[in-house]
Amino acid sequence: SGTDVNDKRLEKVDITFSKLTSGQQVVVKYKVDDATNWTTLSTITTVGLYSRTIRAIESTGADFGSGTEVKFRIESTGGAEIIGFDAEASFFYAP
């Protein structure tokens, strides 16, 4: 029909949080489709930072995976407060 979504590719993730202080951390993870393990996109510990735009898996520089379903997990420690989250993806349609 040309309108059925077959696949989507994550393009970027934006996250905002309270200004980090010493000992605080924000970790952004994702998994695609039926993956059993979470992949860490970014571990943020920079004191004074309050936002991050993630465009690849930061530890390796690899592009994001693609699939029909993308799940996110955001972890904060040391009192870091998550304020906002946004993700952008490209969609691929069935012929």
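What you see is a predicted model, and the numbers here were worked out from it, not measured in a lab.

## Side note on the sheet that holds strand S3 (residues 39–44)
- Strand order in the open sheet made by the three strands is S3-S2-S6, with antiparallel pairing throughout. The two strands at the open ends of the sheet, each matched to only one other strand, are S3 and strand S6 (70–77). The average angle at which neighbouring strand axes cross in this sheet is 15 degrees, direction not considered.
- Bridging between strand S2 (residues 25–32) and S3 involves five bridges; their strand directions are antiparallel. Following the sheet pairing, Tyr 30 is matched in S3 by Thr 39.

## Re the packing of aromatic side chains
- With the rule as written, the count across this model stands at two aromatic pairs.
- Judged by centre distance (6.0 Å) and plane angle (70 degrees), the ring pair of Tyr 30 and Phe 64 falls under edge-to-face. Note that Tyr 30 is positioned in strand S2 and Phe 64 in the loop between strand S4 (51–54) and strand S5 (66–67), a separation of 34 residues in sequence. Here the two residues Tyr 30 and Phe 64 agree in accessibility, since each one is buried.

## Looking at the side chain of Ser 42
- Here Ser 42 lies in strand S3.
- A relative accessible area of 2% means that Ser 42 is categorised as buried.
- Only 3.0 Å separates the side chain of Ser 42 from the side chain of Arg 52, close enough to count as a polar contact.
- Residues in contact with Ser 42, not counting those within four places in the same chain, are Val 26, Val 27, Val 28, Arg 52, Ile 54 and Glu 58.

Definitions and limits used
- Residues numbered from 1 in each chain as written.
- Predicted model: local features only at pLDDT ≥ 70, side-chain atom pairs only at ≥ 80, totals over all residues.
- Heavy atoms only, no water.
- Pairing = 2+ DSSP bridges.
- Helix = DSSP H or I, 4+ residues; strand = E, 2+ residues; numbered from the N terminus.
- Axes fitted to C-alpha atoms, helices over the stretch in contact; angles between N-to-C directions.
- Phe/Tyr/Trp six-rings, centres within 6.5 Å; stacked < 30°, edge-to-face > 60°.
- Buried < 20%, exposed > 50% of the residue type's maximum accessible area, 1.4 Å probe, protein only.
- Polar contact = N/O pair within 3.5 Å; in protein donor to acceptor, adjacent residues only side chain to side chain.
- Contact = heavy atoms within 4.5 Å.

Purely spatial values, then, with no claim about function.
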